[in-house]
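Notes for the structure review
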Amino acid sequence: MRVFHTIAEAAPTGRSAVACGFFDGLHIGHAAVIGRAVERAGEAGLTPGVFTFTIHSGHPARKCDNCEIITETKKFHMLEKWGVRLLLSPDFTDFSAMPPEEFVDEVLVRRLGAAVVCCGDDFRFGRDAAGDVPMLKTLCAARGVEVDVVPAVLWGGERVSSTRIRRLLGEGEVETAGELLGRAFGYDFTVVHGKRLGRTIDSPTINQRFPADFVRLRHGVYAAAARVDGVLRPAVTNIGLRPTVENASAVNSETYIIGFSGDLYGQAVEVRLLRFLRGERKFPSVEELKRQIQADAAASLPVAERYIAEKNGK
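Summarised in this report is the structure supplied together with it.

Procedures and definitions
- Residues numbered from 1 in each chain as written.
- Predicted model: local features only at pLDDT ≥ 70, side-chain atom pairs only at ≥ 80, totals over all residues.
- Heavy atoms only, no water.
- Helix = DSSP H or I, 4+ residues; strand = E, 2+ residues; numbered from the N terminus.
- Rg over C-alpha atoms; globule rule 2.2 N^0.38 Å.
- Buried < 20%, exposed > 50% of the residue type's maximum accessible area, 1.4 Å probe, protein only.
- Contact = heavy atoms within 4.5 Å.
- Areas by Shrake-Rupley, 256 points an atom, 1.4 Å probe, with all protein chains shown as cover.
- Lys, Arg positive; Asp, Glu negative; His and termini not counted.
- Charge placed at Lys NZ, Arg CZ, Asp CG, Glu CD.
- Pairing = 2+ DSSP bridges.
- Axes fitted to C-alpha atoms, helices over the stretch in contact; angles between N-to-C directions.
- Core = buried A, V, L, I, M, F, W, Y, C linked by side-chain atoms within 4.5 Å.
- Polar contact = N/O pair within 3.5 Å; in protein donor to acceptor, adjacent residues only side chain to side chain.
- 1 Å grid on protein atoms, 1.4 Å probe; cavity = no way out; pocket = protein on both sides within 12 Å on 5 of 7 lines; lining within 4 Å.
- Points joined across faces, edges and corners; volume = space filled by probe spheres on them.

1. Concerning the overall build of the protein
In terms of helices and strands, the protein carries eight helices and 15 strands. Taken over the C-alpha trace, the protein has a radius of gyration of 22 Å; the compact-globule value for 314 residues is 20 Å, and the two agree within 12%. If you line up the protein on its principal axes, its C-alpha atoms span 70 × 40 × 40 Å. Split into buried and exposed, the 314 residues of the protein put 50% on the buried side. Look at the contacts in the protein between residues 6 or more apart in sequence, and 74% of them connect residues 24 or more apart. Just so you have it, the protein exposes about 14,300 Å², and 50% of that area is on carbon and sulfur atoms. Distance between charge centres in the protein, computed from 40 positive and 39 negative side chains, equals 3 Å.

2. So, unusual backbone geometry
Peptide bonds are trans in most cases, and residues, glycine excluded, mostly fall at negative phi. Although it is not a glycine, Leu26 sits at a positive phi angle of roughly 50°. Within the fold, Leu26 resides in the loop between β2 (16-20) and α1 (28-44). Positive phi outside glycine occurs at Asp229, with the angle close to 50°. Here Asp229 lies in the loop between β12 (220-228) and β13 (231-240).

3. Some remarks on the sheet that holds strand β5 (residues 114-120)
Two orientations exist for strands paired in a sheet by backbone hydrogen bonds: parallel and antiparallel. Across the sheet, which stays open at both edges, the six strands sit in the order β1-β4-β3-β2-β5-β6 with parallel pairing between neighbours. This sheet does not close on itself; its edge strands, each paired only once, are β1 (2-4) and β6 (146-150). For this sheet, the mean inter-axis angle between neighbouring strands, taken without regard to orientation, is 20°. Pairing geometry for β2 and strand β3 (residues 47-51), over five bridges, is parallel. Across the sheet, Ser16 pairs through a bridge with Thr47, a residue of β3. This element, helix α3 (residues 100-111), spans β2, β3, β4 (86-88) and β5 of the sheet and lies at about 115° to β5.

4. Overview of the nonpolar core
Across soluble globular proteins, nonpolar side chains have a tendency to be buried as a group. Counting residues in hydrophobic clusters, the biggest one holds 32 residues, and the most contacted among them are Leu169, Phe185, Tyr187, Leu217, Leu264 and Leu273. Ignoring sequence-local partners within four residues, the contact set of Leu264 consists of Val191, Ile206, Val228, Ile257 and Val269. Residues Leu88, Leu136, Cys140 and Val145 belong to the second largest nonpolar core, which totals 29 residues.

5. Looking at the side chain of Asn238
Mapping Asn238 onto the fold places it in strand β13. Classification of Asn238 by relative accessible area gives buried; the value is 17%. Side chain to side chain, Asn238 and Glu280 meet in a polar contact 3.5 Å long. When residues no more than four places from it in sequence are discounted, the contact partners of Asn238 are Gly220, Val221, Asn252, Ser253, Glu254 and Glu280.

6. Overview of α3
Listed in full, the buried residues belonging to α3 are Pro100, Phe103, Val104, Glu106, Val107, Leu108 and Arg111. Against β2, β3, β4, β5 and α4 (133-141) lie the buried residues of α3.

7. Description of the layout of surface pockets
Taken as a whole, the second largest pocket encloses approximately 690 Å³ of empty space. What lines the second largest pocket is a set of 28 residues, and nearest its centre among them are Lys74, Met78, Arg183, Glu270 and Arg272. Counting only elements with at least two residues in the lining of the second largest pocket, the list comes to α1, α2 (72-81), β9 (186-187), β15 (270-279) and α8 (286-312). Broken down by element, the residue count for the lining of the second largest pocket peaks at five residues, all from α2.

Dropping the structure here:
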């Protein structure tokens, strides 16, 4: 997949079918738009492409409450897996001042070589989000570019959106969030050193720190699965501030990979959250914490094993 991080460096090698959007969660609604672009590209012999963006230096007003649901690395990996072969992902400030006409001319036509543009019915573009879908159709038609508008995907009678998924994750509803994402919610941050307390109570854990701009999760214990050396293993994960042993200020993910022992420091380990089990709480002693970890592992095991069996069966 050819990836460009600035508009100035993007250069098409032919005509493309481009999906446009922030695509900040790669949920089932986003998949519908991107899948349409890949499908249209295959039908017409075009390059399947995506225009998206990052908000490291600034953000559109409509997304001011944004926190990442998926890391950029994971996002790019999934897009390539979905069949995307051309990706333009500049920072928002790289194009936010462009009037709608300039965005179509410079980004879609010149830099991406778009023959077909696919988008959701709520797509906005151009300075101050002045452009909408009817304007996009008018501007593209004048330039010989087709616009394919993909209807909103509904779940439970409501539009699937990243905002909705963030709310679910904040409430601990990871199973429902997974339905909207089309996959179990997870992350793959680097394993860092902790206090090594788990080793002293027969429950060695891996610690992962959440970046400040990552989605806020309900603190507590989750049934989980962790991918180690390409293999999914049952696990139990605590998200929070570790009040019994540390009372930290930064949110920490602490995962006990059931039946596994090994050194994972410095590695990016994928953890998938499958079900919320209980809220985070402080225990009066380390011994009681030890007993609770074993109880949590026992509660997590059948959930994780069922999930892993389903994934291995596909």
